[in-house]
Amino acid sequence: MPLGLLALAIGGFGIGLTEFVIMGLLPQVAGDFGVSEPVAGWLISGYALSVAVGAIVLTAAVSRFARKQVLLGLMVLFIIGNLLSALAPNYTVMLLGRIVAALCHGAFFGIGSVVAAAMVVPTKRAGAIAMMFAGLTTANVLGVPFGTLLGQQLGWRSTFWAITVIGVLALIGLAALVPSSASAPTSTGTEVRADGLRGEVAIFTHPQVWLSLIVTILGYGGMFGAFAYIAYTLTKVSGFATVTVPWLLVIFGVGLFIGNLAGGKAADRSVSRTLTTVLVALAAVLVIFALTAQSQVMTVICLVLMGTAGFATVPGLQMRIMHYAEQAPTLASGANIAAFNVGNALGAWIGGLAIAAGLGYTSPIWAGAVLTLAGLVVLLVATRLAAHHPRHQTNDLELADTAA
């Protein structure tokens, strides 16, 4: 394993911690700044919106620069954002710090995916991307519980100081371990340079790029739609005590970690087959979960399986869009990170509508299953189109199964 992947994973860990740990610290932050819970909630939603914007706009703005230097700059931005949060004298500065840190999120994972894939042989690219995202899943499993505990014991600012230190460590690791020559090889192993921003934007004329983005929005949105209101399902349907919810979410995080690594290995063998299998599995798990949520044992099992199947899609989804945008994968990769966040918002919105309509606290899970099945249909259509278009066929990734 190239050590540069470890540096990317540390960066991903810090970014994941920044995104999710605020949820456990929100009451403390709101109390310190004297703002209401809905206002404090903008520290979460404002972050998510900034991720989507940064994933496209910031990635496009830096497309002409060397990717390693861009990653270093993004990590500096991340450090500044968390330093602002740690020192914030008021809510406005705190929100600004969150926005600054979020702007680097999408661009880091988008560009980092391209760099990670460039550091390994073609048959191990999805696994390399999964390694980088392992930092994000580890943040959910270990970072968030311990970050929340640190904030509860020493004050919420201590958590952001700790994240700032992690950012510094990631910066040092990126500078020392990521090769300056990291670029984006094509499926044949040769290197392709896009014609600046114009070349990057041109990839959006490719129908398969748009189909890949839609699959990401629907497929990942299905999992997040079910997850967004999981605390209500756990307490009001499954009957768990509120104090057990954080530890149940750790169980879910274990599923994310397993799914990410397993999905990466499987996608290295066949992206289209892996995505098809995983989306079918995710839809099935969500249906079973919705039907058995009254059982605490089945709920725990389904939480693990939902996390596993949900995040097993991530390496394959990144590989798919990078393949079809191989002439200029950087912006497409960033756009896919934005698509993950659009999927998050779409799933949460539809789940909220279902609850508001009086359909109960399992309705977001049913809605998630429908979104996942919609993503599966789009994937099958896209795969069929690719199989009948010679330009889209590939041997080493098996994105287009010409035997179908």
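About the thresholds
- Residues numbered from 1 in each chain as written.
- Predicted model: local features only at pLDDT ≥ 70, side-chain atom pairs only at ≥ 80, totals over all residues.
- Heavy atoms only, no water.
- Core = buried A, V, L, I, M, F, W, Y, C linked by side-chain atoms within 4.5 Å.
- Buried < 20%, exposed > 50% of the residue type's maximum accessible area, 1.4 Å probe, protein only.
- Helix = DSSP H or I, 4+ residues; strand = E, 2+ residues; numbered from the N terminus.
- Contact = heavy atoms within 4.5 Å.
- Patch = residues over 30% accessible without salt bridge, like charges linked within 9 Å, V, L, I, M, F, W, Y side chains within 5 Å.
- Areas by Shrake-Rupley, 256 points an atom, 1.4 Å probe, with all protein chains shown as cover.
- Salt bridge = Lys/Arg side-chain N within 4 Å of Asp/Glu carboxyl O.
- pLDDT = per-residue confidence, 0-100.
- Polar contact = N/O pair within 3.5 Å; in protein donor to acceptor, adjacent residues only side chain to side chain.

(A) Fine view of the nonpolar core. Formed by 116 residues in total, the largest nonpolar core has its most connected members in Leu8, Met94, Phe133 and Met306. When residues in this core are grouped by element, the largest group, 14 residues, is from helix α1 (residues 3-33). When neighbours within four sequence positions are excluded, methionine 306 is seen to be in contact with Met223, Ala226, Phe227, Phe252, Leu282, Val285, Leu286 and Phe289.

(B) Region of the structure containing a nonpolar patch on the surface. A grouping of Met1, Leu3, Leu6, Ile10, Val165, Val168, Leu169, Ile172 and Leu177 is seen on the molecular surface, where their side chains present a nonpolar patch of about 800 Å² in accessible area. Elements with a contribution of two residues or more to the nonpolar patch: α1 and α7 (156-177). Looking at the nonpolar patch element by element, the count peaks at 5 residues for α7. Given the relative accessible area of 31%, isoleucine 10 is considered partly exposed.

(C) Up close: the confidence of the model for the protein chain. Averaged over the protein chain, the pLDDT score is 83; the fraction of residues at 70 or greater is 90%. Taken element by element, the predicted model of the protein chain shows its lowest mean pLDDT in helix α8 (residues 196-202) (66) and its highest in helix α12 (residues 271-292) (95). In the model, residues 184-194 has pLDDT below 50 throughout and makes 28 contacts with residues more than four positions away in sequence or in other chains. Counting contacts from residues 399-404, a segment whose pLDDT is below 50, to residues more than four positions away or on other chains yields 17 contacts.

(D) Representation of the environment of valine 285 within the structure. With respect to the helices and strands, valine 285 occurs in helix α12. Valine 285 gets classed as buried once you look at its relative accessible area, which sits at 11%.

(E) Highlighting the side chain of threonine 313. Its location among the elements puts threonine 313 in helix α13 (residues 296-324). A polar contact of 2.7 Å, which involves the side chain of threonine 313, links it to the backbone oxygen of glycine 310. With sequence-adjacent residues up to four places away left out, threonine 313 is seen in contact with Tyr220, Leu275, Val278 and Leu279.

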